[in-house]
Amino acid sequence: MTPPATPPAVLAADRVGFAYRGAAPALADVSVSVVPGRSLALVGESGAGKTTLLRLLLGLTRPSTGRVLFDGRELATRDRSLMREFRRGVQPVFQDPYSSLDPRQRVGRIVAEPLRSLGLPASSGAAGPAPRGGKAAVAERVGAALRAVGLPEEAAGRYPHEFSGGQRQRIAIARAIVCEPRVLLADEPVSALDVSTRVRIVDLLAELRDTYGLTVVMVSHDLAVVAALCRHTAVLEHGRIVEQGDTASVLGSPAHSYTRRLVGSVPRLPRL
Amino acid sequence: MSLLEVTGLRVAAADGRELVRDVSFAVDAGERLGLIGESGSGKSLTALAIMGLLPAGMTVAGGVVLDVPGLGRTEVAGLAEQRLNALRGRAATVVFQEPLTALDPLMRVGRQLAEPLRRRRGLRGAALRAAVRAALTEVRLAEPDRIAKAFPHQISGGQRQRVAIAMALACEPALLIADEPTTALDVTVQADVLALLDALVREKGMALLFISHDLAVVSAVTDRVVVLKDGVAVESGAVADIVRAPAHPYTRSLVASARELDSALDLAP
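Residues numbered from 1 in each chain as written. Chains lettered and ligands numbered in written order. Predicted model: local features only at pLDDT ≥ 70, side-chain atom pairs only at ≥ 80, totals over all residues. Heavy atoms only, no water.

### Remarks on the confidence of the model for chain B
In plain terms, the rule: Values of pLDDT, ranging from 0 to 100, describe the predictor's confidence in every residue of the model.
Per-residue pLDDT for chain B has a mean of 92; in total, 99% of the residues score no lower than 70. If you check the scores for this complex, the pTM reads 0.86 and the ipTM reads 0.82.

Right, here's the structure in full:
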């Protein structure tokens with residue numbers, strides 16, 4: 001159906017459409033491909049359908065028309081083994097680290113949650129999933145995830161309120177990468193953060209992308225963050241993709257009038 | 001004598017923690033000053049202290065003096081609510097970040113806007129309706145009659161912020177305080193609202209105190225800035241100088257971060 005001249009997509013929206021009950025379509029005829037190693041940005045303004053598209057790609061909402069494909073297979077919530085594979089391969093990071101972390105759970109338990117719900121680790125060690133050994137293995141993977149996001153392992157014993165906004169977003173990222181997913185779907189992952197923290201989280205995502213071969217899909221209205229992190233950009237306006245391609249050409253020499261207006265509106269620092 | 005003089009301003013929380021420490025700056029009539037800082041830097045508390053709007057329990061020390069022609073020289077700190085009300089609107093007024101919380105959700109936009117116009121200019125009936133229409137037109141709202149009849153939730157975020165600006169201007173203030181006025185808006189809407197603020201401040205000869213976390217936005221609107229960190233003013237000067245050659249280590253890291261993201265947009269296809 002969609003034969004682009006790129007490696008096979010891990011995750012793809014194939015001509016998806018979606019309408020909330022009684023409303024005009026939020027998305028119409030949208031196709032995007034998440035190709036391994038090619039980070040993707042979905043940009044646009046409020047109401048453009050970015051978050052709806054992300055929800056479809058996360059399998060949280062079913063498209064009204066079209067298909068969402070994971071490794072070429074259509075997502076079907078009834079296919080439990082496919083959904084398990086999907087959940088393991090595709091993990092989310094949300095915008096607000098103040099509301100996305102359960103304040104009553106210790107960080108270690110929060111970060112381990114995907115392992116618990118996926119019944120991991122079962123395959124990573126040579127030993128079988130013995131309960132005792134499993135517990136140690138979980139702690140080990142939680143520790144590794146925390147180290148990967150630049151937090152000390154001791155963070156596992158503390159509660160979210162003991163951390164700053166940037167550290168909380170690191171915890172949310174640790175939770176997302178603990179099951180070693182292939183794709184990270186991040187919804188405005190840095191918009192709630194101060195500019196210096198924002199830069200550090202962008203650097204962290206770039207580092208995870210490079211060291212773990214993680215493919216980052218990011219929804220953002222912040223074109224600077226997109227330009228810093230993503231190689232491919234799709235621009236959404238009123239539920240349709242008006243332009244997509246290499247970030248450098250889409251944002252550097254936009255072809256569509258809406259993209260031009262978007263790029264032209266970004267406030268810039270005075271030149272040196 | 002400046003329009004606004006803030007001298008050694010201190011704001012403390014109910015538990016005694018100092019949230020703003022010894023901040024001083026002045027704004028002359030018709031001048032534009034930016035207050036820049038990250039979350040917790042005390043920039044919004046400084047604005048609230050100037051308006052006498054600090055939350056109950058917070059204590060303020062130091063001087064905030066508004067000197068408006070026709071209103072005389074007034075020390076804001078410790079002023080009774082009644083005297084403050086006479087000052088608010090005419091001497092200084094605020095446009096906040098989130099217009100949805102600044103507007104009454106149960107009142108039509110036209111009626112909300114009519115209130116300051118009625119108070120300030122004593123207008124009634126047809127003259128008041130005409131003034132509401134003119135105020136909405138002034139903030140470049142294309143369909144003033146439709147907007148006047150709408151409730152806040154029925155118009156877009158950008159339109160709401162324009163209404164909030166119209167309400168602020170209705171009192172003909174000498175000083176407009178804009179506290180992150182475009183942070184909640186989309187980038188294209190932000191560009192329009194910034195251009196609008198810029199034009200209105202110039203046309204009316206108002207002074208502007210512009211509060212933001214965004215260095216690029218501040219540098220587009222103001223000439224001078226004060227950089228706040230943890231309640232302390234660490235550096236102040238011309239925007240152009242501070243962006244080019246920041247002196248304080250904090251300002252340096254702030255500028256470097258902003259520069260790093262900004263330069264990502266220098267794309268060559």
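### Topic: the sheet that holds strand β6 (residues 90–93) of chain A
All names here are of chain A. What counts here: Should DSSP find at least two bridges between two strands, the strands are taken to pair. Counting from the N terminus, the helices are the DSSP runs of H or I reaching at least four residues and the strands are the DSSP runs of E reaching at least two. Convention adopted: a line fitted to C-alpha atoms gives each axis, helices being fitted over their contacting stretch, and angles between N-to-C directions are expressed from 0 to 180 degrees.
Pairing is mixed across the open sheet formed by 6 strands, whose spatial order is β6-β7-β8-β3-β9-β10. Two strands in the sheet have a free side with no partner beyond their single neighbour: β6 and β10 (240–246). Each strand of the sheet is rotated relative to its neighbour by a mean of 15°, with strand direction disregarded. Summarising the sheet, strand β9 (residues 232–237) and β10 pair through 6 bridges and their orientation is antiparallel.

### Side note on the sheet that holds strand β1 (residues 11–19) of chain A
All names here are of chain A. Quick reminder of the rule: Note on definitions: a residue-residue contact is assigned when non-hydrogen atoms from the two residues lie within 4.5 Å.
Spatially, the 4 strands line up as an open sheet ordered β2-β1-β4-β5, and their pairing is antiparallel. Of all the strands in the sheet, just β2 (25–34) and β5 (73–74) have a single pairing partner and so form its edges. Of the strand pairs in this sheet, β1 and β2 are connected by 6 bridges, and their pairing is antiparallel. Along β2, the bridge assignment pairs V16 with V30. Docked against the sheet, helix α1 (residues 50–57) engages β1, β2 and β4 (65–70), running at close to 125° with respect to β1.

### A short note on the confidence of the model for chain A
Summing up the model confidence of chain A, the mean pLDDT is 90 and the portion of residues at 70 or higher is 93%. Note on residues 123–132 of chain A: pLDDT under 50 across the span, and 4 contacts to partners over four residues away in sequence or across chains.

### A short note on the interface of chain B and chain A
The extent of an interface is frequently quoted as the accessible surface area lost upon association of the parts. Selection criterion: The buried area of a pairing is the accessible area, by a 1.4 Å probe, that goes missing from both parts when the two are put together, added over both. Throughout this description, the term salt bridge denotes a Lys or Arg side-chain nitrogen within 4 Å of a carboxyl oxygen of Asp or Glu. Think of a polar contact as two N or O atoms within 3.5 Å of one another; within protein, one of them needs to be a possible hydrogen donor and the other a possible acceptor, and neighboring residues in sequence only count if both atoms come from side chains. For this classification, the nonpolar set comprises Ala, Val, Leu, Ile, Met, Phe, Trp, Tyr, Cys and Pro, the charged set comprises Asp, Glu, Lys and Arg, and every other residue, Gly included, is treated as polar.
The partner chain A presents 29 residues to the 29 residues of chain B that form the contact. Both sides of the chain B and chain A interface together cover about 2,800 Å² of buried area, and 63% of this is carbon and sulfur. Put simply, chain B and chain A have 3 salt bridges between them. Where D266(B) meets R268(A), a salt bridge forms, and the shortest distance between an N and an O atom there is 2.7 Å. Where chain B packs against chain A, one counts 10 residue pairs in polar contact (both at pLDDT 80 or more). Counting residues per element, the ones that place at least two in the side of chain B that touches chain A are α8 (187–204), α9 (215–221), α10 (239–244) and α11 (249–264) of chain B. Sort the elements by how many residues they give to the side of chain B that touches chain A and α11(B) lands first, with 8 residues. For the side of chain B that touches chain A, the residue count by class is 15 nonpolar, 6 polar and 8 charged.

### Some details on unusual backbone geometry
One non-glycine residue with positive phi stands out, namely R15(A), at about 45°. As for its placement among the helices and strands, R15(A) is situated in strand β1.

### So, the packing of aromatic side chains
Residue and element names in this part refer to chain A. Selection rule: The pairing test for Phe, Tyr and Trp rings, Trp by its six-membered ring, is centres within 6.5 Å, and the orientation test on the planes gives stacked under 30 degrees, edge-to-face over 60, and tilted for anything in between. Summary of the burial criterion: residues with accessible area below 20% of their type's maximum are buried, those above 50% are exposed, and those between are partly exposed, where the area comes from a 1.4 Å probe applied to protein chains only.
Enumeration according to the criterion identifies 2 aromatic pairs over all chains in this entry. Plain terms: the ring middles of F18 and Y20 are 4.8 Å apart, the flat faces sit at 85° to each other, and that makes the pair edge-to-face. Using a relative accessible area of 40% as the deciding quantity, one classes Y20 as partly exposed. Each ring, one from F70 and one from F86, has its centre 5.2 Å from the other, and the planes form 80°; the classification is edge-to-face. With F70 in strand β4 and F86 in helix α2 (residues 80–89), this residue pair connects regions lying 16 residues apart in the sequence. As far as burial versus exposure is concerned, F70 and F86 are alike and both buried.

### Some points on helix α9 (residues 257–265) of chain A
As a reminder of what qualifies: The directions considered for the arc run from the helix axis to the C-beta atoms.
Burial in α9(A) covers these residues: Y258(A), T259(A), L262(A) and S265(A). Burial along α9(A) is one-sided: seen end-on, the buried residues are contained in an arc of 135°. Those residues of α9(A) that are buried lie in contact with β3 (40–43), α7 (223–229), β9, β10 and α8 (247–252) of chain A together with α8 of chain B.

### Brief notes about the side chain of E31(B)
Residues and elements named next belong to chain B. Secondary-structure assignment places E31 in the loop between β2 (18–27) and β3 (32–36). Within the structure, E31 has its side chain in polar contact with the backbone nitrogen of D28 (distance 2.9 Å). A distance of 2.8 Å separates the side chain of E31 from the side chain of R224, its partner in a polar contact. The residues contacting E31, other than those within four sequence positions of it, are A26, M206, A207, L208 and R224.

### Here we look at the side chain of S220(A)
Residue and element names in this part refer to chain A. With respect to the secondary-structure elements, S220 resides in strand β8 (residues 215–220). For S220, a relative accessible area of 2% translates into the label buried. At a separation of 2.9 Å, a polar atom in the side chain of S220 contacts the main-chain amide nitrogen of D222. S220 has contacts with L42, V43, G44, K50, E188 and V226, leaving out every residue within four places of it along the chain.

### A word on the pattern of salt bridges
When the charged atoms of two side chains with opposite charge come close together, those side chains can pair. Residue and element names in this part refer to chain B. A complete count under the given rule lists 27 salt bridges over all chains for this structure. The shortest N-O distance in the salt bridge between D241 and R244 comes to 3.8 Å. One end of the pair, D241, and the other, R244, are both in helix α10, 3 residues apart, so they sit about a helical turn from each other. You can call D241 partly exposed: its relative accessible area is 43%.

### Observations concerning the environment of F151(B)
All names here are of chain B. Positionally, F151 belongs in the loop between α6 (144–149) and α7 (157–170). It is 48 Å that separates the C-alpha atoms of F151 and A247, two residues lying 96 residues apart in sequence. Contacts of F151, omitting those with residues within four sequence positions, involve P105, L106, M107, R108 and V109.

### A closer look at the state of the cysteines
Residue and element names in this part refer to chain A. What counts, and what does not: Two cysteine sulfur atoms form a disulfide, by the criterion used here, when they sit within 2.5 Å.
Here the structure, examined in full by the defined rule, presents 0 disulfides over all chains. Left unpaired, C179 is separated from the closest cysteine sulfur, that of C230, by 20 Å. Assessed through its relative accessible area of 4%, C230 is described here as buried.

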